[in-house]
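# Inside the fold
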Amino acid sequence: MAGTAGRAAKAMRAGHQASAGELLELVRSGRATTRGALQQATGLSRATVGQRLDRLFRAGWLREGAGGPVDSPQGGRPSITLEFDDEHAVVLAADLDTRHGRAAVVSLSGEIQAEHHGSLRIEDGPDAVLGELGRWFAELLEKAGQRADAVCGIGIAVPGPVDTDTGKVVQPPIMPGWDGYDIRGRLGRAFAEHAGINSAAGAGGATGAGVTRSGARIPVLVDNDANLMAYGEQRTGYPDCSAFALVKVSTGIGAGMVVGGSIYRGVDGGAGDIGHIRVGADALCRCGSYGCLAAVASGGAVARRLAESGVPATSGSDVRDLLTAGHPEAMALAREAGRQVGDVLATVVTLLNPGVLMIAGDLAGTPFLTGVRELLYQRALPRSTAHLDVVTSRLGERAGLVGAGALVVEYLYAPERVEERLAALGV
C-alpha cells in the first residue's frame, strides 16, 4: 500500500470530498480504521462517512472488528474498528518459467490457500500452456473449498517483457510463439471452460477474461515474472524500502524494481531486462545477439558449460539441483557467473541506489551470491553501497504468486476502480 496510501489525504488537501473508494484505501492502509478517524482524515461529516461506509458494507468489502481506542478525550465507549474483509473473494495466481509452472488460490491478504506446481513447457506455446493453467485453476478452487464465483481476478507472471496495457508479451527472447498473443483472453476462456462459468460474452475490455461474476468481467493481469517477484518480496518483507531491486537468475536473467511502492516498468514494460546487456563476450544469446549477460552467466549458460564437461544439465533448475548437492564444478561456475552479474549490477546499483538488492532464482545460493558481492562492492562507488543490503529471497518459489495476487488486489481496490465496481454492483 506504500504507493497508494497517501492519495486520499492528498485529495483532501486539494478540497476534494473523499469517495467510498478513498475511505476503503484509508482503512486498508491502516491510516484510519474507525469512523471518527475517517472523519478527521477526510473532513467529511459523520452522516456522509456513514453513507460511504454503508456502500462498502453492502458490497461485503468491509467488516467491523474489535473495539479500538476511545475517540473522545472525555472518554466513553471504545470505537468500533473497521477492517477490510479479506474473505469475500479470492485471487487466482500463476507463475510461469521456461520448463515448469506454479499456480495457486490466494486470499485477498496474500495467503496461499491451495497450490500446485508441475511441468509446463513455455516452448509448447500459449494455447497449450494457458489451457493447462485453466485446468489447474479449476482443480485448485475445489481443493481450496472455494466456488468459481468467488474469484475476483487472475494474475499471471511470465518470463518475458510485457506491455501491461494490453497484457501481451513483446518480443520475448525465451517464449517462442508468445509474441503479441492474447494471454488474457485465452486464459480467461480456459478457466471458464474448466470451471463451468459462462464465457459467452467474449473477452473484450481492457482486462476482460471473458468470464462473468455477478455480471462483471473477471480481470486477468499479466506482468513480467521478475517484476512480480520483486513486488511480492518488497510488500511482504521490505514494505518501508522505497527503492527495491530483485534479480532473478534462472534459465535467463531479469530484474524487477519497486520504486515508491509501485513496480517500475519503463515506458513500455522493458525495464529490468538486464540479461541482454552486452558484456563483451562472444557467446550467442537466445535473443540472437552475441555477448549478452544471459548468454554467459544465466542458469542456462552454466548448464551448457557443465554439459560440455560431461555433467548432465540442460537448464537452470538442473544447475540448482547440482548446487544443492554440493557439486564442486557447478559451485565454481555459479560463483564465476555471480561475478559477471555483479559487474553489471555495480552499474544498476549506482543508477538506482536501492536499499535492498535481492538475488533470486535457480542460482541464488551462496556461491553465486559470493561472486556477486565480490564484484559489486569492488566496482560500485562506496556511496551507492553504504546503505545497501544484498540478500536472497524470503518467499522462494512463491514470490511470483504472492506478487501476482497483490497486483490483482491493488488493481481491483484502487479508489477509482472501487467506485466503478460499486456502481456495477448497484450499491
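Here's what I pulled together on the structure shown here. (Residues numbered from 1 in each chain as written. Predicted model: local features only at pLDDT ≥ 70, side-chain atom pairs only at ≥ 80, totals over all residues. Heavy atoms only, no water.)

## Examining the overall build of the protein
The condition is simple: Secondary structure elements follow DSSP: runs of H or I of four or more residues count as helices, runs of E of two or more count as strands, with numbering from the N terminus. The contact criterion used is simple: two residues touch if any of their non-hydrogen atoms lie within 4.5 Å. Per-residue and other accessible areas were derived by the Shrake-Rupley procedure at a 1.4 Å probe size, with only the shown protein chains allowed to occlude residues.
When helices and strands are counted, the protein shows 15 helices and 15 strands. When contacts within the protein are restricted to residue pairs at least 6 apart in sequence, long-range pairs at least 24 apart make up 60% of them. Carbon and sulfur atoms make up 48% of the accessible area of the protein, which amounts to about 18200 Å² in all.

## Concerning the packing of aromatic side chains
Quick note on the threshold: Two aromatic rings from Phe, Tyr or Trp, using only the six-membered ring of Trp, form a pair when their centres are within 6.5 Å; if the ring planes differ by under 30 degrees the pair is stacked, by over 60 it is edge-to-face, and anything between is tilted. Burial classification: accessible surface area is computed with a 1.4 Å probe over protein chains only, and a residue below 20% of its type maximum counts as buried, one above 50% as exposed, and the rest as partly exposed.
Evaluation of the coordinates by the stated rule reveals four aromatic pairs. Centre to centre, the rings of Phe84 and Tyr413 are 5.0 Å apart; their planes meet at 75°, and the pair counts as edge-to-face. Of the two residues, Phe84 sits in strand E2 (residues 80–84) while Tyr413 sits in the loop between helix H14 (399–412) and helix H15 (415–425), which places them 329 residues apart along the sequence. The pair Phe84 / Tyr413 is uniform in exposure class, with both members buried.

## So, helix H11 (residues 328–352)
Helical geometry note: an α-helix holds 3.6 residues per turn, so side chains three or four residues apart project in the same direction. Condition: Residue count minus one, scaled by 1.5 Å, sets the expected span of a helix. Here the bend at each residue means the angle between axes fitted to two seven-residue stretches, the one ending at that residue and the one beginning there.
When the terminal C-alpha atoms of H11 are compared, their 34 Å separation across 25 residues agrees well with the 36 Å that a helix rising 1.5 Å per residue should span. Considering bend angle alone, the principal kink of H11 is centred on Val344 and spans about 30°. For H11, every residue scored as buried is listed here: Ala330, Leu333, Ala334, Ala337, Gly338, Val341, Gly342, Val344, Leu345, Ala346, Val348 and Val349. In the stretch just after H11, Asn353 is the one whose phi turns positive, near 55°.

## Here we look at helix H3 (residues 35–42)
Selection criterion: Directions drawn from the helix axis to the C-beta atoms are what define this arc.
Among the residues of H3, those classed as buried are Gly36, Leu38 and Thr42. Along the axis of H3, the buried residues cluster in a sector spanning 160°; they form a single face. Of the residues flanking the end of H3, it is Gly43, one or two places downstream, whose phi is positive at about 80°.

## Quick word on the nonpolar core
To be explicit about the condition: Joining through side-chain atoms within 4.5 Å is the link that ties buried Ala, Val, Leu, Ile, Met, Phe, Trp, Tyr and Cys residues into a set, and such a set is a nonpolar core.
Leu38, Leu56, Phe244 and Tyr413 are the most contacted members of the largest nonpolar core, which has 51 residues in total. Core analysis: the next-biggest nonpolar cluster, separate from the first, contains 40 residues, Val296, Ala297, Leu345 and Leu376 among them.

## Thoughts on the packing of helix H2 (residues 20–29) against H3
The packing of two helices is summarised by the inter-axis angle and the distance between the axes. The condition is simple: Helix axes use the C-alpha atoms of the stretch in contact, all axes being lines fitted to C-alpha atoms, and the angles between their N-to-C directions lie in the range 0 to 180 degrees. Here a crossing is called left-handed whenever its near helix is offset anticlockwise from the far helix by less than a right angle, and right-handed whenever the offset is clockwise.
Two numbers describe how H2 lies on H3: the axes approach to 11 Å, and their chain directions differ by 115°. Considering the relative orientation of H2 and H3, their crossing is right-handed. Counting all contacts with H2, which are made through Leu23, Leu26 and Val27, the residues of H3 involved are Leu38, Ala41 and Thr42.

## Thoughts on the environment of Pro126
When you line up the elements, Pro126 lands in helix H5 (residues 126–144). On the accessibility criterion, Pro126 (7% relative accessible area) is buried. In this view, Pro126 contacts Gly131, Gly177, Trp178, Tyr181 and Arg186; residues no more than four positions away in its chain are not counted.

## Overview of the pattern of salt bridges
Test applied: In the sections that follow, a salt bridge refers to a side-chain nitrogen of Lys or Arg positioned within 4 Å of a carboxyl oxygen of Asp or Glu.
Going through the model one piece at a time under the given rule, you end up with 27 salt bridges. Across the pair Glu132 and Arg135 runs a salt bridge whose closest N-O atoms are separated by 2.4 Å. In this pair, Glu132 and Arg135 are both assigned in helix H5, three residues apart and thus about one turn of the helix distant. Glu132 sits in the partly exposed class, given a relative accessible area of 24%.

## Structural notes on unusual backbone geometry
The backbone of Gln171 sits at a positive phi, close to 45°, despite the residue not being glycine. With respect to the helices, strands and loops of the structure, Gln171 is situated in the loop between strand E8 (168–169) and helix H6 (183–195). Notably, Asn353 is not glycine yet its phi reads approximately 55°, a positive angle. Inspection of the secondary structure puts Asn353 in the loop between H11 and strand E14 (356–360).

## So, the sheet that holds strand E12 (residues 253–259)
Here is the rule: Pairing between two strands is assigned when DSSP locates at least 2 bridges connecting them.
Taken together, the five strands give an open sheet; going across it, the order is E13-E12-E11-E14-E15, and neighbouring strands pair in mixed fashion. Only two strands of the sheet have a single partner each, and these edge strands are strand E13 (262–263) and strand E15 (389–392). One ladder, built from two bridges, connects E12 with E13; its direction is antiparallel. Bridge pairing links Val259 to Ser262 in E13.

## Thoughts on the side chain of Thr251
Our working definition: The term polar contact refers here to a pair of N or O atoms within 3.5 Å; inside protein, the definition further demands a hydrogen-donor-capable atom paired with an acceptor-capable atom, and it admits residues adjacent in sequence only when both atoms are side-chain atoms.
You can see Thr251 is positioned in the loop between strand E11 (243–249) and E12. A polar contact of 3.3 Å, which involves the side chain of Thr251, links it to the side chain of Thr98. Not counting chain neighbours up to four residues away, the residues in contact with Thr251 comprise Thr98, Arg286, Ser298, Gly299, Gly300, Ser315, Gly316 and Asp362.

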